[in-house]
Every structure is written in structure tokens, then in C-alpha cells.
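Structure assessment
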Amino acid sequence: MRIEQLTCNIGAELVGVNLADAVHDDGLFKEIKNALLKHKVLFLRDQEISRADHVAFAERFGKLEDHPVAGSHPEYPGLVQIYKSPDTPIDRYENAWHTDATWREAPPMGCVLRCVECPDVGGDTMWANMVTAYEMLPAHVKEQIAGLRARHSIEASFGAAMPIEKRLALKAQYPDAEHPVVRTHPETGEKVLFVNAFTTHFTNFHTKEHVRFGQDASPGSSMLLNYLISQAFIPEYQVRWRWKKNSMAIWDNRSTQHYAVMDYPPCHRKMERAGIIGDTTF
Ligand code: SIN
């Protein structure tokens, strides 16, 4: 296996490897996992592997989870189908910078995504390195956010287009989660800026250390949150991947955000995603 770095800060392509082999080969799996921790997102071309192998490879990292809104493949629980077609309603967009499912108490540790079908051009996906995003923050911002916690909610994203009863039921089933604004990666020990499109507000900002006058709290805290959320948009922290049929991506969801670019004309784009259950170690 060759590892070809794609940018200075994030992403590498694995060449000369078939993920189906890593299902049974412990040494190969360990090499891939180490590369994932280092590069944060890995890419592969020409992976003509079965759905069973896709699932079995992802399960080497841990158990898989379904998504409450996007359905899974009927024969493969945990293999979420992200299918767009010319008749897909516009509300099924995918384009906001996010870390998957931070509205869960234990957000996924990572995902393994395979392209089943895609347009000839368009529909790329981008990832951002949130360890670099934290490292590059000005010192006074790092100081300001140390110890802050924030709320993450499914309600205003996946719930927004639902009738109110359904939205409230979704929220009751998946109550908002609270996470530190700066998390520590459980395996690498790196500090990660951990707010994204699912983050609604800080929960412990309104103290005398942060708030001198009301304006510091409102609009001050939401301005700070927006500033932090916008760090993922900085191109120097990003990698962009152009899909082809049977291309795959494996990402560490604890240290990255991603954005599926919806620039393609009405056409089919079919992706299958195995999301690996994470833990509550922050
Ligand atoms: C996702 O947000 O997990 C899906 C990314 C994609 O469809 O490219």
C-alpha cells in the first residue's frame, strides 16, 4: 500500500490496496487505521467491493449505526443510503459544513463512504481538519473558549422540514447533546475545535468572566460561535475529493468536518455510508 498525501494539512490517497483484504488482514487494517489518525481522511479509487465487505471493513472500527432520517440499505443495517436523483426534492440538500451527528451524546467516530453512482462532473466532497483549525486560532480566542461547552441539536436541521409534531417527536427521541467546544481526540490526544452546523449555543458562557454587559452575551456569544463555526470554511484546512464510481472515503469524524458540494445538475448521485458508533470520551 502506498500513501499519497493530497494537501499539506489533511487527506491522503491509499494506492494499491483493496479494502476487502483489510477485513481479514490485521496488519493491513492497523496500517490503514494509523494512516487515518495521521491524515484524518483517506481516499481510495476502484474499490469494486461488495456491500458486505464495505460493512465488514467499517465494522473493524466498531459497531455501525443507522440514521434517524436517512434510511439504510434494507439488507445492510447501518449502511445509510444517501441517494439523490432528478426527482429528489430540494430540501434533501447535503451542503453545510458539519461533523456527523454531533446531536448524539456519542457522535460517530468515523465513516466509510462509497460512491455507487455520480455525475461526470460535480458533486465533490470537501473535508476540513479541525485540529489545524484549533491550532491556528489566535491565542486570545483559545483562552476565551477554554472550558466552554455548547449545545448540538438535530431539530433545526433534519427536523426543520417536518410538521411540528414530527419535529418534536424527533427531538424527544434525540434530545440535544452538550459537548466541549474544544475536545481532546481520544486516540491522538490532539485538541479539536468541535462546533459545527448542528451547534446552537454555548451553555456556560454567561458568567462574569465572559460577560461585562448584556451585549457580551447577546449578540457577543453567538458572534463568537459563528466565528468558530466559520473556521472550517478556510481553504488552507481543507481537501476536496472528486468522486468516481467505486471511489471510497474513510474519515475520522472526531477531528474533521465535511461538506458535500451540491453543484451538479439534476442527475443521480448515490452514496452509501457506514457510520461507526463513537464514544463519549471528550
Ligand atoms: C455525508 O455528509 O456524510 C455525505 C457526504 C457525501 O455525500 O459526499
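Residues numbered from 1 in each chain as written. Predicted model: local features only at pLDDT ≥ 70, side-chain atom pairs only at ≥ 80, totals over all residues. Heavy atoms only, no water.

1. Here's the deal with the packing of aromatic side chains
Each aromatic ring pair is described using two quantities: the centre-to-centre distance and the angle formed by the ring planes. Within this structure, the stated rule accounts for 14 aromatic pairs. Judged by centre distance (5.6 Å) and plane angle (80°), the rings of W103 and Y174 are edge-to-face. Note that W103 is positioned in the loop between β5 (76-84) and β6 (110-117) and Y174 in the loop between α5 (164-173) and β9 (177-180), a separation of 71 residues in sequence. Each member of the pair, W103 as well as Y174, is classed as buried. (Phe/Tyr/Trp six-rings, centres within 6.5 Å; stacked < 30°, edge-to-face > 60°. Helix = DSSP H or I, 4+ residues; strand = E, 2+ residues; numbered from the N terminus. Buried < 20%, exposed > 50% of the residue type's maximum accessible area, 1.4 Å probe, protein only.)

2. Section: the sheet that holds strand β8 (residues 149-152)
Sheets are built from strands paired through backbone hydrogen bonds, the pairs being either parallel or antiparallel. In space, the three strands of this open sheet follow the order β9-β8-β12, with antiparallel pairing throughout. Edge positions in the sheet fall to β9 and β12 (199-202), since each of these pairs with one other strand and no more. Taken over all neighbouring pairs, the strand axes of this sheet differ in orientation by 35° on average, direction set aside. Bridge analysis of β8 against β12 gives three bridges, and the strand direction is antiparallel. What sits directly across from A150, in β12, is F202. (Pairing = 2+ DSSP bridges. Axes fitted to C-alpha atoms, helices over the stretch in contact; angles between N-to-C directions.)

3. Focus on the sheet that holds strand β1 (residues 2-5)
With respect to topology, eight strands assemble into an open sheet ordered β1-β2-β3-β14-β6-β16-β5-β4, the strand pairing being mixed. The open sheet has two edge strands with one neighbour each: β1 and β4 (72-73). Sheet contacts for helix α1 (residues 26-39): β1, β2 (12-15), β3 (41-44) and β14 (248-252); angle to β3, the most-contacted strand, approximately 125°. (Contact = heavy atoms within 4.5 Å.)

4. So, α1
Side chains three or four residues apart in an α-helix point the same way, a direct result of the helix having 3.6 residues per turn. Spanning 14 residues, α1 covers 20 Å between terminal C-alpha atoms, matching the ideal 20 Å at 1.5 Å per step. Packed against the buried residues of α1 are β1, β2, β3, α2 (51-59) and β14. Of the residues trailing α1, K40 is marked for its positive phi of about 75°. (Expected span 1.5 Å × (residues − 1).)

5. What to know about the pairing of β1
Looking at chain direction, β1 and β2 are connected through four bridges and run antiparallel. Across the sheet, residue E4 finds its bridge partner in β2, namely E13.

6. Examining unusual backbone geometry
Omega for the peptide link from S218 to P219 comes to 15°, which places this bond in the cis form. The topology assignment puts P219 in the loop between α6 (214-217) and α7 (220-229). Located in the positive-phi region is A101, a residue other than glycine, with phi close to 50°. Within the secondary structure, A101 sits in the loop between β5 and β6. A101 gets classed as buried once you look at its relative accessible area, which sits at 8%. Although it is not a glycine, N246 sits at a positive phi angle of roughly 70°. Overall, N246 belongs to the buried group, its relative accessible area being 10%.

The values are spatial; any link to function lies outside them.
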